[in-house]
Amino acid sequence: ARHSSAASHPQRLAGKVAVITGGASGIGKSTAAEFVRNGARVILADVQDDLGHAVAAELGRDAACYTRCDVTDEAQVAAVINLAVARHGRLDVVFNNAGISGDLTPAPIGSLDMDDFDRVMAVNARAVVAGVKHAARVMVPRRRGGSIICTASTAGVMGGVAMAPYSVAKMAVVGLVRAVAGELARSGVRVNAISPHYIPTPLVMGAMATWFPATGADELRRIVEKDMNEMDGQVLEPEDVARAALYLASDESKYVNGHNLVVDGGFTVS
Ligand code: NAD
């Protein structure tokens, strides 16, 4: 095992280079910190420039940089993947994590807004396909392996009331991972999904505000942390997802491929 001399913290991603989309906030931001703590250099890709630059600065200029990338534009996805190789000479991990909730105002399927469906699919599904495509385009010919991780959701495992676009997109992510894992395995590249349950990130808190319009922010957070997660006394946090991503990114999971790692305290099976 490799250890940093300073903190004697195990460096599970020593020397590795990772691209993290949605890296300015929530799960992506937390994962960036976990990866850097474990010796990786990260490129944060997002559309929230101020937040992205702030996260990169916090992580330190040697370890992290931010670049604007709207993942719905394939050329920008290709560019951020290329940037990793141009800047660091390698690419080991791509975390396709950027996502939006879409309009989660409870509404019957008979009045589904197809434009909202298209928006959710563009970010949460099509952009993930582009992320996997361009990660593979670079990783496969380099013949150094690699780990591609895509953020799905428990909504992509079990569905969700009034969440058809989001659920469809997240199920597509799980389907994508299963569709390409066998092909990529022949090149030593792995692709896996992570499916978290509710965490009070800005994405979820925005959706909560539409579900419970007259409820204050503190009460909404309590509802997410206590009522929507059924682990007694335990709260799901971005760090829990970050540690799952760390495992999938590291060589410790070298034989884990095409898997959907559900991080939900047992919610979807109970
Ligand atoms: P978040 O809002 O904190 O982070 C999402 C990030 O994605 C934001 O920084 C946002 O700017 C970025 N993003 C959105 N559209 C983008 C685009 N077109 N191009 C580039 N970046 C874009 O929310 P989060 O909860 O950390 O979400 C991260 C992922 O986790 C998403 O895919 C989300 O669907 C998924 N997820 C979240 C939860 C939860 O409860 N929070 C549960 C399951 C899955």
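Each chain has its residues counted from 1, following the order in which its sequence is written. Residue-level local features of this predicted model are given only where pLDDT is at least 70; pairs of side-chain atoms are given and counted only at 80 or more, and the full residue set underlies all totals for whole chains, interfaces and linings. Each side-chain value is worked out from all heavy atoms of the structure, with water and hydrogens disregarded.

Chemist: I'd like a description of the overall build of the chain, backed by residues and values.
Modeler: A count of helices and strands for the chain gives 9 helices and 7 strands. Throughout, the radius of gyration refers to the C-alpha atoms, and the reference size of a globule is 2.2 Å times the residue count to the power 0.38. Here the C-alpha atoms of the chain give a radius of gyration of 18 Å, agreeing with the 18 Å that 2.2 N^0.38 yields for 270 residues. Projected onto its principal axes, the C-alpha coordinates of the chain cover approximately 50 × 40 × 35 Å. Only protein chains enter the area calculation, which uses a 1.4 Å probe; residues under 20% of their type maximum are buried, those over 50% are exposed, and those in between are partly exposed. A burial count over the chain gives 50% of its 270 residues as buried. Note on definitions: a residue-residue contact is assigned when non-hydrogen atoms from the two residues lie within 4.5 Å. Considering only contacts within the chain whose residues lie at least 6 apart along the sequence, 67% involve residues at least 24 apart. Counting only carbon and sulfur atoms, one obtains 54% of the accessible surface of the chain, whose full area is about 12600 Å². Just so you know, the count uses Lys and Arg for positive and Asp and Glu for negative, and it drops His and the chain ends. For charged residues, the charge sits on one atom: NZ in Lys, CZ in Arg, CG in Asp, CD in Glu. Taking the average place of the 26 positive charges on the side chains of the chain and the average place of its 28 negative ones, the gap between the two points comes to 12 Å. Helix numbers and strand numbers start at the N terminus; a helix is a DSSP run of H or I with at least 4 residues, a strand a run of E with at least 2. Working definition of accessibility: Shrake-Rupley area with a 1.4 Å probe, residue cover restricted to the visible protein chains.

Chemist: If you had to explain the sheet that holds strand β4 (residues 93–96) to someone new, which residues and values would you point to?
Modeler: Picture the strands of a sheet paired through backbone hydrogen bonds; they go either parallel or antiparallel. Strand pairing requires that DSSP identify at least two bridges connecting the strands. On the basis of which strands lie adjacent, the open sheet formed by 7 strands has the order β3-β2-β1-β4-β5-β6-β7 and parallel pairing. Of all strands in the sheet, those with a lone pairing partner are β3 (64–68) and β7 (260–263), marking the two edges. This sheet shows a mean twist of 20 degrees between the axes of neighbouring strands, independent of strand direction. Pairing of strand β2 (residues 41–46) with β3, which is carried by 5 bridges, proceeds in the parallel orientation. Pairing of Ala45 across the sheet is with Thr67, part of β3. The sheet contacts of helix α1 (residues 26–37) involve β1 (17–21), β2, β4 and β6 (189–196), and relative to β1 the element is tilted by about 170 degrees. A fitted line through C-alpha atoms serves as each axis, taken over the contacting stretch for helices, and the angle formed by two N-to-C directions is quoted from 0 to 180°. On top of the sheet, helix α3 (residues 74–88) reaches β1, β2, β3 and β4; it is set at about 160 degrees to β2, its chief contact.

Chemist: Describe the confidence of the model for the chain, with residues and values.
Modeler: The predictor attaches a confidence to each residue, called pLDDT, with possible values from 0 through 100. With 97% of its residues at a pLDDT of at least 70, the chain reaches an overall mean of 94. Note on residues 1–5: pLDDT under 50 across the span, and 10 contacts to partners over four residues away in sequence or across chains. Reported confidences for the modelled complex are a pTM of 0.96 and an ipTM of 0.99.

Chemist: Outline the packing of helix α7 (residues 202–211) against helix α8 (residues 217–227), listing residues and values.
Modeler: Orientation of α7 relative to α8, taken along the N-to-C sense of each, is 110 degrees, at an axis distance of 10 Å. Taken together, the axes of α7 and α8 lie roughly perpendicular to each other. Across from Val204, Met205, Met208 and Ala209 in α7, the residues of α8 making contact are Ala217, Leu220, Arg221, Ile223 and Val224. Charged residues are taken to be Asp, Glu, Lys and Arg, nonpolar residues to be Ala, Val, Leu, Ile, Met, Phe, Trp, Tyr, Cys and Pro, and polar residues to be all remaining types, Gly included. For the contact of α7 with α8, the class distribution of residues is 8 nonpolar, no polar and 1 charged. Here the word oblique covers every angle except those under 35 degrees (roughly parallel), over 145 (roughly antiparallel) and from 65 to 115 (roughly perpendicular).

Chemist: Before we move on, can you summarise the side chain of Asn124 with the specific residues and values?
Modeler: Within the secondary structure, Asn124 is located in helix α4 (residues 114–142). Accessibility expressed as a relative area gives 1% for Asn124, which makes it buried. Excluding anything up to four places from it in sequence, Asn124 contacts Ala98, Gly99, Ile100, Tyr166, Ala169, Lys170 and Val173.

Chemist: For a nonpolar patch on the surface, give the residues involved together with the corresponding values.
Modeler: Nonpolar side chains collect at one region of the surface, where Ile109, Leu112 and Met114 lie side by side and expose about 290 Å² of accessible area between them. Note on placement: Ile109 falls in the loop between β4 and α4. By relative accessible area, Ile109 is classed as exposed at 62%. Residues forming no salt bridge and having over 30% relative accessible area are the ones grouped into patches, like charges within 9 Å of each other and nonpolar side chains (Val, Leu, Ile, Met, Phe, Trp, Tyr) within 5 Å. For salt bridges, the criterion is a side-chain nitrogen of Lys or Arg within 4 Å of an Asp or Glu carboxyl oxygen.

Chemist: So what's going on with unusual backbone geometry? Which residues, and what values?
Modeler: Although it is not a glycine, Arg143 sits at a positive phi angle of roughly 60 degrees. Its place among the elements puts Arg143 in the loop between α4 and β5 (146–151).

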